[in-house]
Amino acid sequence: MASTRSLDLVVFGGTGDLAMRKLLPALYHLHCDALLPPEARIVGVARDGLDDDGYRRFAGQQAERFLGRDFRSDDWQTFAARLAYAQVDAMQGDSFATLADRLAARPDGQRVFYLSTAPSLFAAISRHLDAAGLLHGDSRVVLEKPLGHDLASSRQINDEVGRHFGEDQIYRIDHYLGKEPVQNLLALRFGNALFEPLWRREWVRDVQITVAEQVGVETRGDFYDRVGAMRDMVQNHLLQLLCIVAMEPPASINPDAVRDEKLKILRALRPFGAGDVAARSVRGQYRAGASGGKPVPGYLEEPGIATDSRTETFVALKAEINTWRWAGVPFFLRTGKRMQEKVAEIVINFRSVPHSIFGVPASPFHANRMVIRMQPEETVDLHLLAKQPGDVMHLQPVRLNLDFAEAFRSRRLEAYERLLMDVMRGNLTLFVRRDEQEAAWRWVEPILAGWDASGERPKPYTAGTWGPAASSALLSRDGLSWHEEI
Ligand SMILES: NC(=O)C1=CN([C@@H]2O[C@H](COP(=O)(O)OP(=O)(O)OC[C@H]3O[C@@H](n4cnc5c(N)ncnc54)[C@H](OP(=O)(O)O)[C@@H]3O)[C@@H](O)[C@H]2O)C=CC1
Ligand SMILES: O=C1O[C@H](COP(=O)(O)O)[C@@H](O)[C@H](O)[C@H]1O
């Protein structure tokens, strides 16, 4: 990195799950690749009474666990020298004096405040940082998701944070936008002339976006039970992926050019009316089953979950976009915990040929398909029909495969690495603007309200499966199937 300016990256929630699982590992990798400014320092903040050495020890133990084979003791020692700790209670203005002391030595350096705490603390943290004189014109704040519980609470948090930071200083993170294949989708769509003429209702039959996890709620039951899959995943990650697939070509890669186009899609999503919720949405909750060959408990038996919880751990939706490009093309969204496999993918199903000359009827199951996989591997597959070798004209599905690990041998940045670099560089393109976030809340709110009003429980599904049967029925009503069922 070229900059020699000092950088203090202050991580509120510096002892939490996200900091240990994702943020410090990402910063460690950037450090090892010499992508952190030499003067960069990371200050973990929480209420725990640790000192710098105690924080380094705690972070070191967690890093061994989360970095696995990437943990190298020598590299960790040099990285840990960048770590410091400040004991602060975000709700107590006086306690910010400790942080002010830690930052006093470098008053003009760049400051990034990463708020990796519950969003209910974001307003107090911003207010107290300002009151303690810790903000200057170049300070930046990173806000984790989900921001708020609904439109009203997200507006309130945004208003309060906005009193202390300008919109161009606010980085609303959605780590799915930092994933390499998502950026590759931008490259494929807008760097090649090939796909643009096909990327529309005349040629696309349906789009399927799946983010399936094998894990359950793990240690985050208390958090998850108040949130659920719609707020945890759909309102942010899945809708952002939908926007990247569906948006019009932006005039440039500048932040507002891209974000303007995403916003138009969010605003063009057909709203869910009262009658739509039952017809176009499915919510589920896992029951005991098996994962990776081992028995696992049901959601209601997990620690931190209310005995009679109605929180959804699975969502499937049929979204529609009211634009000339996409009218009539269903966008199916699906996410869940404790599913059969860990898969994150976008599937573009193209229409069948209008007439088959090969003696078999044109079948949607043999139509072309593009599969952009983010997890477990990063690939783009184009499914085509080709002739089987031999003396008869038999067609067979084949795949043109772009494997990013094979094609580009260099190490690919993990999502949080890429996004942290963008924060340091001041590049907002892959961060969510306030109006986008609010449009997303506006679209999901009636679905959440419809579920509440129905009085029905989420549909049960066995852990280790693809979700409730109603999820398949959502597509079969249109004569379609989820990708893994084809
Ligand atoms: N974990 C994950 O995989 C993901 C998390 N997120 C988001 O990241 C944020 C953090 O999540 P996660 O790390 O899981 O949460 P945790 O509950 O694991 O961590 C919360 C952190 O905040 C600190 N904290 C709590 N209250 C205060 C306070 N009053 N003052 C100062 N520090 C405080 C805690 O330390 P202490 O109690 O010692 O003060 C702890 O360090 C949330 O907004 C979540 O939605 C987003 C994507 C994924
Ligand atoms: O934001 C979140 O994402 C993770 C899934 O992220 P991935 O990169 O591992 O696919 C999810 O487990 C978590 O519940 C959610 O808060």
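Looking up the protein in an unreviewed UniProt entry gives the name Glucose-6-phosphate 1-dehydrogenase, with the organism given as Aromatoleum evansii.

## Some thoughts on the overall build of the protein
Helices and strands together make up the secondary structure of the protein, namely 15 helices and 17 strands. Judged by the C-alpha coordinates and their principal axes, the protein covers about 80 × 50 × 45 Å. By the burial criterion, 53% of the 486 residues in the protein qualify as buried. Sequence-distant contacts in the protein: of pairs separated by 6 or more residues, those separated by 24 or more amount to 77%. In the structure as shown, the protein presents an accessible area of about 21,000 Å², 52% of it carried by carbon and sulfur atoms. Looking at charge distribution, the protein has the averaged site of its 60 positive side-chain charges lying 3 Å from that of its 64 negative ones.

## Focus on the site of ligand 2
Within the structure, ligand 2 sits among K145, H175, Y176, K179, E213, R220, D232, M233, H237, K337, K342 and Q375. Between ligand 2 and E213, the relevant distance is 2.6 Å, taken from an oxygen atom to a side-chain nitrogen or oxygen of the residue. For ligand 2, an oxygen atom lies 3.4 Å from a polar atom in the side chain of K342. If ligand 2 stood free it would expose 390 Å²; the protein chains cover 85% of that surface. Looking at the shell around ligand 2, the element that brings in the most residues is helix α9 (residues 228-246), giving three residues.

## Digging into helix α3 (residues 73-80)
Listing the buried residues of α3 in full gives W76, F79 and A80. Buried residues of α3, viewed axially, fall in a sector of 95°; they line one side. Opposite its buried face, α3 presents the exposed residues D74 and Q77, each directed more than 90 degrees away. Looking at the buried positions of α3, the neighbouring elements they touch are α1 (17-32), β2 (41-46), α2 (52-67) and β3 (83-87).

## Things to note about the domain arrangement of the protein
You can read the domains of the protein as domain 1 (7-172) and domain 2 (177-410 + 433-485). Summing both sides of the interface, domain 1 and domain 2 together bury roughly 1,500 Å²; the carbon and sulfur share of this comes to 48%. Summed over the shared surface of domain 1 and domain 2, the result is four salt bridges. Looking at the side of domain 1 that touches domain 2, the elements that each hand over two or more residues are α1 and α6 (151-162). The element that contributes the greatest number of residues to the side of domain 1 that touches domain 2 is α6, accounting for six residues. Split into classes, the residues belonging to the side of domain 1 that touches domain 2 amount to four nonpolar, four polar and eight charged.

## Section: the site of ligand 1
Neighbouring ligand 1 are 21 residues, the closest being T15, D17, L18, R47 and A90. Contact between ligand 1 and G13: an oxygen atom at 3.5 Å from a main-chain N or O atom of the residue. Between ligand 1 and the protein, one listed contact pairs an oxygen atom with a backbone N or O atom of K145 at 3.0 Å. For ligand 1, whose unbound accessible area comes to 890 Å², protein coverage reaches 79%. Of the residues contributing to the shell around ligand 1, the split by class is eight nonpolar, six polar and seven charged.

## Considerations on the nonpolar core
W76, F331, I346 and I348 are the most contacted members of the largest nonpolar core, which has 119 residues in total. Top element by residues in this core is α9. It accounts for 12 residues. Formed jointly, this core draws a minimum of three residues from each of two domains, domain 1 (7-172) and domain 2 (177-410 + 433-485). For I348, the contacting residues outside a window of four places in its chain are W199, V204, D206, V207, V245, N368, R369, M370 and I372. Ranked by size, the runner-up nonpolar core spans 25 residues in total, among them F113, I125, L143 and I157.

## Regarding the sheet that holds strand β5 (residues 140-143)
Pairing within the open sheet is parallel, and its six strands lie in the order β3-β2-β1-β4-β5-β6. Looking at which strands have only one partner, the edges of the open sheet turn out to be β3 and β6 (170-172). For this sheet the average axis-to-axis angle between neighbouring strands, irrespective of direction, equals 20°. As judged from the five bridges shared by β2 and β3, these two strands associate in the parallel manner.

## Looking at the environment of R172
As for its position among the elements, R172 is in strand β6. Those residues in contact with R172 that lie beyond four places of it in its chain are L143, L147, N158, E167, F431, V432, R433, R434 and Q437. A distance of 3.1 Å separates polar atoms of two side chains, one belonging to R172 and the other to N158.

## Some points on the UniProt feature "active site" (unreviewed entry) in the protein
UniProt's feature table lists "active site" (unreviewed entry) at H237, given in the numbering used throughout. Residue position: H237 is located in helix α9. We classify H237 as buried; its relative accessible area is 1%. Apart from residues lying up to four places away in sequence, H237 is in contact with K145, D174, H175, Y176 and D232.

## Concerning the packing of aromatic side chains
The full count for this structure, using the stated rule, is 15 aromatic pairs. Between F195 and W199, the aromatic rings sit 6.4 Å apart at their centres with planes inclined by 65°, giving edge-to-face as the arrangement. Per residue, the accessibility class of F195 equals that of W199, and both read buried. Ring geometry for Y286 against Y299: centres 5.7 Å apart, planes inclined by 80°, an arrangement best described as edge-to-face. A residue pair is termed long-range when its members are at least 10 positions apart, and Y286 in strand β8 (residues 281-287) and Y299 in the loop between β10 (294-296) and β11 (314-319) qualify at 13 residues. The two residues Y286 and Y299 agree in class, both being buried. Members of the aromatic cluster, joined through ring pairs, are Y224, Y286, Y299, F314 and Y461.

Calculation rules
Residues numbered from 1 in each chain as written. Chains lettered and ligands numbered in written order. Predicted model: local features only at pLDDT ≥ 70, side-chain atom pairs only at ≥ 80, totals over all residues. Heavy atoms only, no water. Helix = DSSP H or I, 4+ residues; strand = E, 2+ residues; numbered from the N terminus. Buried < 20%, exposed > 50% of the residue type's maximum accessible area, 1.4 Å probe, protein only. Contact = heavy atoms within 4.5 Å. Areas by Shrake-Rupley, 256 points an atom, 1.4 Å probe, with all protein chains shown as cover. Lys, Arg positive; Asp, Glu negative; His and termini not counted. Charge placed at Lys NZ, Arg CZ, Asp CG, Glu CD. Near = heavy atom within 4 Å. Polar contact = N/O pair within 3.5 Å; in protein donor to acceptor, adjacent residues only side chain to side chain. Arc of directions from axis to C-beta. Domains from an automatic or database assignment. Buried area = accessible area lost by both parts, 1.4 Å probe. Salt bridge = Lys/Arg side-chain N within 4 Å of Asp/Glu carboxyl O. Nonpolar A, V, L, I, M, F, W, Y, C, P; charged D, E, K, R; others polar. Core = buried A, V, L, I, M, F, W, Y, C linked by side-chain atoms within 4.5 Å. Pairing = 2+ DSSP bridges. Axes fitted to C-alpha atoms, helices over the stretch in contact; angles between N-to-C directions. UniProt positions renumbered as here; feature names shortened; annotations may be inferred. Phe/Tyr/Trp six-rings, centres within 6.5 Å; stacked < 30°, edge-to-face > 60°.

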